[in-house]
Amino acid sequence: MKQHLAATALSLSLTAAPALADDRKHPLATPPVTLEDMKAVSPALADYTATSAIGDVWKRPGLAPRDRSVITVAALIARNQPAEFAYHFSLALDNGVKPAELSEIITHLAFYSGWANATAAVGVAKDVFAARGIGPDQLPPARPALMPLDAEKDASRRATVEQTVGPTSPGLAEYTNDLLFKDVWLRPGLSPRDRSLITVTSLIANGQVAQVPYHLNRAMDNGLKTEEASELLTQLAFYAGWPNVFSAVPVVKDVIAKRAS
């Protein structure tokens, strides 16, 4: 009975998003995959989606639904998996992510997963926004007043970049220090915690664990709780794959242990 209800709920949720594609004025470039589509190809995938993913993981108490949407959207964009963009962009908006925040997530991930991935997300988000009547007045300006920089705390980060990156690529060091951390990270459209959350998500989703210690520490300094970091890994197992998450587990464990000592 529980599985039947979960499957029914998912069927309704996954068939709601394609209605956007029926809007003749704003057709989606990539119509969402429905539960029936899954059943036609892989009944087991449809069952696991209904019972384990949507029916279980999304209901776990370790993260708010909004955070789960932020993580999932970030993972999909970081891995450039547009088949689920429309459904999860819509779900994120339903779960309390503001249009301006979704816009900022896409912008931020251009720097952490590449311009092309962000551009792919723009194509689908544009149609989702249009179908929902989301206009320019709900989006962040290109050049907002930036949040203040804590120059003292940022000094060591800047020095590290200049020492480790500068000798090999002065241009990269310059953009890292002056564009990424003195501009993008200071945009007010996302809280520092959320910027850290999507950055850690992108790194783990793409198997780039070398930078996880710095950014996970930054995330926890910005308010991410230990239990939320733990649940982040659980959520990502379903949306970035078990191997990427297992590779990150020792790194996350070490960060948490060192902060507790």
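Residues numbered from 1 in each chain as written. Predicted model: local features only at pLDDT ≥ 70, side-chain atom pairs only at ≥ 80, totals over all residues. Heavy atoms only, no water.

### With respect to the environment of Thr226
Consideration 1: Here Thr226 lies in helix α12 (residues 226-240).
Consideration 2: Classification of Thr226 by relative accessible area gives partly exposed; the value is 36%.
Consideration 3: Thr226 sits 29 residues away from Val255 along the chain, and the two C-alpha atoms are 9.9 Å apart.
Consideration 4: With near-sequence residues (within four places) excluded, Thr226 lies in contact with Met220 and Ile256. (Helix = DSSP H or I, 4+ residues; strand = E, 2+ residues; numbered from the N terminus. Buried < 20%, exposed > 50% of the residue type's maximum accessible area, 1.4 Å probe, protein only. Contact = heavy atoms within 4.5 Å.)

### Things to note about a nonpolar patch on the surface
Consideration 1: A surface patch of nonpolar side chains, about 350 Å² in accessible area, is lined by Phe238, Trp242 and Phe246.
Consideration 2: Positionally, Trp242 belongs in helix α13 (residues 242-260).
Consideration 3: With relative accessibility at 46%, the residue Trp242 sits in the partly exposed group. (Patch = residues over 30% accessible without salt bridge, like charges linked within 9 Å, V, L, I, M, F, W, Y side chains within 5 Å. Areas by Shrake-Rupley, 256 points an atom, 1.4 Å probe, with all protein chains shown as cover. Salt bridge = Lys/Arg side-chain N within 4 Å of Asp/Glu carboxyl O.)

### A short note on unusual backbone geometry
Glycine aside, the phi torsion of most residues is negative, and most peptide linkages are trans.
Consideration 1: At Asn80, a residue that is not glycine, the phi angle is positive and equals roughly 50 degrees.
Consideration 2: Its location among the elements puts Asn80 in the loop between α4 (65-78) and α5 (85-94).
Consideration 3: Given a relative accessible area of 33%, Asn80 falls into the partly exposed group.

### Considering the layout of surface pockets
To find the voids left in a structure, one rolls a probe of water-molecule size over its atoms.
Consideration 1: Estimated volume of the largest pocket: approximately 590 Å³.
Consideration 2: Along the wall of the largest pocket there are 19 residues; nearest its centre are Tyr112, Thr176, Leu180, Phe181 and Gln211.
Consideration 3: Listing elements by their share of the lining of the largest pocket, those giving two or more residues are α6 (99-113), α8 (151-164), α9 (170-180) and α11 (212-221).
Consideration 4: Among the elements that make up the lining of the largest pocket, the one with the highest residue count is α9 (five residues).
Consideration 5: Along the lines of polarity and charge, the residues of the lining of the largest pocket split into twelve nonpolar, six polar and one charged. (1 Å grid on protein atoms, 1.4 Å probe; cavity = no way out; pocket = protein on both sides within 12 Å on 5 of 7 lines; lining within 4 Å. Points joined across faces, edges and corners; volume = space filled by probe spheres on them. Nonpolar A, V, L, I, M, F, W, Y, C, P; charged D, E, K, R; others polar.)

### Description of α11
Consideration 1: When α11 is considered as a whole, its buried residues turn out to be Val212, His215, Leu216, Ala219 and Met220. Considered in projection along α11, the buried side chains sweep an arc of 140 degrees and stay on one side of the axis.
Consideration 2: Of the surrounding elements, those touching the buried residues of α11 are α6, α10 (192-205), α12 and α13.
Consideration 3: Of the residues trailing α11, Gly223 is marked for its positive phi of about 115 degrees. (Arc of directions from axis to C-beta.)

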